[in-house]
Amino acid sequence: MTNRTFTMIKPDAVGSGHIGAILAQINAGGFKIVAMKYTKLSEEKAGEFYAIHSARPFYGELVSFMSSGPIVAAIIEKENAVEDFRKLIGSTNPADAAPGTIRAKFAKNIGENAIHGSDSDENAAIESAFHFAGTEIFE
Ligand code: IDP
Ligand code: MG
């Protein structure tokens, strides 16, 4: 039912100057931005956001990477948003990502992989609320 998902342009892609190109590809993919902010996660906030991965061996690396520089957080809207956005960004490991996807074009490796996309409607709602107040979301 829901038609929204949550995304972050990660510190690697921000640092290499790809914010504009990635936002253009998101818009060209049919997504409308309904909330957006340029911000930086503290280590504590990054740890909280990725708490679901706390048992994974790469958790420490992930938290330090995600708090290493600014990010662009956004809520985007389209029919079938979660699934269609995962297709637009491509596989976690850019070596496996389909040609033309955001990760194929901009990710450095499986950790520094340019962009986040929620994996379910439920997580899209949780992750959106983590970053945005209701007053920061525009129809
Ligand atoms: P996803 O972002 O494609 O949903 P997840 O498995 O949910 O992938 O992992 C979350 C994030 O953790 C990835 O986007 C990536 O930044 C990082 N990550 C995943 N697997 C590895 C790994 O094997 N080594 C280092 N970092 C990883
Ligand atoms: Mg995930």
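Look up a bit, the structure's there.
Caption draft 1: Region of the structure containing the packing of aromatic side chains. Enumeration according to the criterion identifies 4 aromatic pairs in this entry. Relative to Tyr 50, the ring of Phe 49 has its centre 4.9 Å away and its plane inclined at 75 degrees; by these criteria the two rings are edge-to-face. On the basis of relative accessible area, Phe 49 is assigned to the buried category, the value being 11%. A relative accessible area of 6% places Tyr 50 in the buried class.

Caption draft 2: Spatial organisation of the site of ligand 1. Lining the immediate surroundings of ligand 1 are Lys 10, His 53, Arg 56, Phe 58, Glu 61, Leu 62, Arg 86, Thr 92, Arg 103, Ile 110, Gly 111 and Asn 113. For ligand 1, an oxygen atom lies 3.0 Å from a polar atom in the side chain of Arg 103. Burial of ligand 1 by the surrounding chains reaches 82%, relative to a free accessible area of 530 Å². Of the residues that constitute the shell around ligand 1, the class distribution is 3 nonpolar, 4 polar and 5 charged.

Caption draft 3: Fine view of the pairing of strand β1 (residues 4-9). Buried residues dominate β1, accounting for 5 of its 6 residues. Where β1 meets strand β3 (residues 71-77), 6 bridges bridge the pair, whose relative direction is antiparallel. Looking at the pairing, Thr 7 lines up with Ala 74 of β3. Sheet topology places β1 next to strand β4 (residues 115-117); 3 bridges connect them, and they run antiparallel.

Caption draft 4: Main features of helix α4 (residues 59-66). Buried within α4 are the following residues: Leu 62, Val 63, Phe 65 and Met 66. Projected down its long axis, α4 carries its buried residues within an arc of 165 degrees, all on one side. The inward-facing, buried residues of α4 contact β1, α1 (11-15), α3 (43-49) and β3.

Cut-offs used in this document
- Residues numbered from 1 in each chain as written.
- Chains lettered and ligands numbered in written order.
- Predicted model: local features only at pLDDT ≥ 70, side-chain atom pairs only at ≥ 80, totals over all residues.
- Heavy atoms only, no water.
- Phe/Tyr/Trp six-rings, centres within 6.5 Å; stacked < 30°, edge-to-face > 60°.
- Buried < 20%, exposed > 50% of the residue type's maximum accessible area, 1.4 Å probe, protein only.
- Near = heavy atom within 4 Å.
- Polar contact = N/O pair within 3.5 Å; in protein donor to acceptor, adjacent residues only side chain to side chain.
- Areas by Shrake-Rupley, 256 points an atom, 1.4 Å probe, with all protein chains shown as cover.
- Nonpolar A, V, L, I, M, F, W, Y, C, P; charged D, E, K, R; others polar.
- Helix = DSSP H or I, 4+ residues; strand = E, 2+ residues; numbered from the N terminus.
- Pairing = 2+ DSSP bridges.
- Arc of directions from axis to C-beta.
- Contact = heavy atoms within 4.5 Å.

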